[in-house]
Amino acid sequence: MGRAVALWCAKQGWPVHPLAPGYKVPPANCQTCRGQGHSIASCECRDLGRWCHGFHAATTIPARIDEWWREEPRFGVGVSCGPANLVVLDVDAHASQVPDRSRLLPGISIGPDVNLAGLATGFDTLALLAALRSQPDPTTQDTTLRVQTPSGGLHIWYRNPAPEIRYRSSTGSSLKRALAWQVDIRAGNGYIVAPQTRTLAGTYRRIGACRYPAPLPDWIATELVRTGHVPTTQPTAVLPPKPPRQRRAPKAAERMMQPLLDAVSACAAIPQGASFTEKLNRAAYTAGGLIQGGHLTELEARALLLEAARAARPHQEHRYATIIESALSAGAQRPLHPQRRS
């Protein structure tokens, strides 16, 4: 079973690694890797095809997967979320003391008029966050892959539609970075237990009809930025440059950019499900290539992108600024030279 699950995941492009038989943690490293001060960065085990260091060893290579599960057929399956381009909401249902309302949704003040009677788990805090944002409760939506855990929790799988934005993991009990109390985030530098994996506590079972992750909803992406799940970068254009020459973008570059900018602006008519992140990412990536190719200045590009983003999603400056910065940087790696019309 484990090998079949691992190969299925790898076919989706999700790097996998073994979990210790019956448990949700990776098997022990080899003796060398257990040494104090051992460096993962200089470790040769991955190149040698070993599973040391858990999700750092994850792979999509079928031959390596066959070798691992042939050696131990009882291995469970972990998926390395960052390389798999996944963001998973890990909703817990632990019986524990409910914290003060000021700690239920980090960064959000919950007034005394909000009735919290019956709130007991991450299911409740995620539902509360969705209600405050006038969004459907993700735990009840059969629009993406959902996996019930043996402890009664829920894994809600999403695909990151903008790979240049790297989300990072957190725990729902963290005071520094969390989406909600008892709602963990599995993303970069983290892994998630694959569906159908069996442990001593039970099986991770898919629920509902959906078998694949849907794109991360815009509103959740916004919340992840707000709660610090996107690493902050140094502000880029705060150098006090010389006043730029006033000129319009060359017509060839303008023709290439305009449909992309129009697609971003058009998201204003659709508050949810408009693929805003993907469209803005595509426009900024193209702009980065045009800048590098010498057909557009950085100042012109930012002005065009910010104008379209503000029209579509006002009051979400932090979010779309992060998307623009990441995609401009990625696009600059591939200079673009638009064809000129005669």
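Residues numbered from 1 in each chain as written. Predicted model: local features only at pLDDT ≥ 70, side-chain atom pairs only at ≥ 80, totals over all residues. Heavy atoms only, no water.

Participant: Lay out the nonpolar core with the relevant residues and their values.
Facilitator: Side chains of a nonpolar character, in soluble globular proteins, are inclined to be buried together. Ranked by internal contacts, the top residues of the largest apolar core, which has 56 residues, are Y167, L280 and L305. A10, V16, A57 and L145 belong to the second-largest nonpolar core, a separate cluster that totals 26 residues. (Core = buried A, V, L, I, M, F, W, Y, C linked by side-chain atoms within 4.5 Å. Buried < 20%, exposed > 50% of the residue type's maximum accessible area, 1.4 Å probe, protein only.)

Participant: Which residues make up the sheet that holds strand β7 (residues 191-193), and what are the values?
Facilitator: Reading across the sheet, the three strands line up as β1-β2-β7 and stay open at both edges, with antiparallel pairing between neighbours. A strand with exactly one partner marks an edge of an open sheet, and here the two such strands are β1 (16-19) and β7. Within this sheet the neighbouring strands show an average axis-to-axis angle of 35 degrees, counted without direction. Note that strand β2 (residues 76-80) and β7 share three bridges and pair antiparallel. Of the residues in β7, the one forming a bridge with V79 is I192. Each of β1 and β2 is contacted by helix α2 (residues 62-71), which is oriented at about 5 degrees to β1, the strand it contacts most. (Pairing = 2+ DSSP bridges. Helix = DSSP H or I, 4+ residues; strand = E, 2+ residues; numbered from the N terminus. Axes fitted to C-alpha atoms, helices over the stretch in contact; angles between N-to-C directions. Contact = heavy atoms within 4.5 Å.)

Participant: So, the pattern of salt bridges: which residues are in play, and what are the values?
Facilitator: Under the counting rule described, the total for this entry stands at eight salt bridges. Here R186 makes a salt bridge to D90, at a shortest N to O gap of 3.3 Å. Pair noted here: R186 is in strand β6 (residues 183-186) and D90 is in strand β3 (residues 86-91), with a separation of 96 residues, a long-range link. Given the relative accessible area of 23%, R186 is considered partly exposed. Judged by relative accessible area, which is 7%, D90 ranks as buried. Of the charged contacts, one joins R146 and D142 as a salt bridge, the two residues approaching to 3.8 Å between their closest N and O atoms. The class of R146 is buried, set by a relative accessible area of 9%. In the salt-bridge network here, residues are joined through shared partners; they are D90, D184 and R186. (Salt bridge = Lys/Arg side-chain N within 4 Å of Asp/Glu carboxyl O.)

Participant: Go over the packing of aromatic side chains with me, naming the residues and quoting the values.
Facilitator: Applying the stated criterion to the full structure yields seven aromatic pairs. Judged by centre distance (5.6 Å) and plane angle (80 degrees), the ring pair of W8 and W14 falls under edge-to-face. Owing to a relative accessible area of 27%, W8 belongs among the partly exposed residues under this scheme. Their ring planes at 80 degrees and their centres at 6.1 Å tell us that W69 and F75 sit as a pair that is edge-to-face. (Phe/Tyr/Trp six-rings, centres within 6.5 Å; stacked < 30°, edge-to-face > 60°.)

Participant: Run through the side chain of T203, naming residues and quoting values.
Facilitator: On the secondary structure map, T203 appears in strand β9 (residues 202-203). By relative accessible area, T203 is classed as buried at 18%. The contacts of T203, once residues within four sequence positions are left out, are Q148, P150, Q196, T197 and R198.

Participant: Account for the packing of helix α1 (residues 2-11) against α2, naming residues and giving values.
Facilitator: At a minimum axis distance of 10 Å, the contact between α1 and α2 shows a crossing angle of 160 degrees. One element, α1, and the other, α2, form an angle in the roughly antiparallel class. In the crossing of α1 with α2, the sense of the turn from one axis to the other is right-handed. Facing α1, whose interface residues are G2, R3, A6, L7 and A10, α2 presents P62, I65, D66 and W69. The residue makeup of the contact of α1 with α2, split by class, is six nonpolar, one polar and two charged. (Parallel < 35°, antiparallel > 145°, perpendicular 65-115°, else oblique. Left-handed = near helix turned anticlockwise from the far one by under 90°. Nonpolar A, V, L, I, M, F, W, Y, C, P; charged D, E, K, R; others polar.)

Participant: Outline the packing of helix α7 (residues 276-292) against helix α8 (residues 298-312), listing residues and values.
Facilitator: In contact at an axis separation of 10 Å, α7 and α8 are set at 170 degrees when each is read in the N-to-C sense. Classified by the interaxial angle, the pair formed by α7 and α8 is roughly antiparallel. Each of F276, L280, A283, A284, A287 and I291 in α7 lies in contact with α8, whose residues at this interface are E298, A301, L305, A309 and A312. Here the residues of the contact of α7 with α8 are counted per class, giving 10 nonpolar, no polar and one charged.

Participant: Please give an account of unusual backbone geometry that cites residues and values.
Facilitator: The backbone of N85 shows a phi angle near 60 degrees, a positive value even though the residue is not glycine. A positive phi angle is found at S275, which is not glycine, with a value near 60 degrees. Tracing the backbone through its elements, the reader meets S275 in the loop between α6 (251-265) and α7.

Participant: Give a description of the confidence of the model for the protein chain that names residues and reports values.
Facilitator: With 93% of its residues at a pLDDT of 70 or more, the protein chain has an overall mean of 87. Across residues 234-249, confidence stays below pLDDT 50; counting only partners more than four residues off in sequence or on other chains, it has 11 contacts. (pLDDT = per-residue confidence, 0-100.)

Participant: Go over the side chain of D137 with me, naming the residues and quoting the values.
Facilitator: Tracing the sequence through the fold places D137 in the loop between α4 (122-132) and β4 (146-148). The charged side chain of D137 is buried without a salt bridge, its nearest counter-charge being R146 at 8.3 Å. At a separation of 2.9 Å, a polar atom in the side chain of D137 contacts the side chain of T139. Ignoring anything within four residues of it in the chain, the contact list for D137 reads A127 and A130. (Lys, Arg positive; Asp, Glu negative; His and termini not counted. Polar contact = N/O pair within 3.5 Å; in protein donor to acceptor, adjacent residues only side chain to side chain.)

Participant: Tell me what's going on with the state of the cysteines, and back it up with residues and numbers.
Facilitator: Each disulfide consists of a covalent bond between the sulfur atoms of two cysteine residues. According to the stated counting rule, one finds zero disulfides in the structure shown. Left without a disulfide partner, C52 is nearest to the cysteine sulfur of C30, which lies 3.6 Å away. Given a relative accessible area of 5%, C52 falls into the buried group. Between C210, a cysteine without a disulfide, and C9, which holds the nearest cysteine sulfur, the sulfur-to-sulfur distance is 15 Å. By relative accessible area, C210 is classed as buried at 18%. (Disulfide = S-S within 2.5 Å.)

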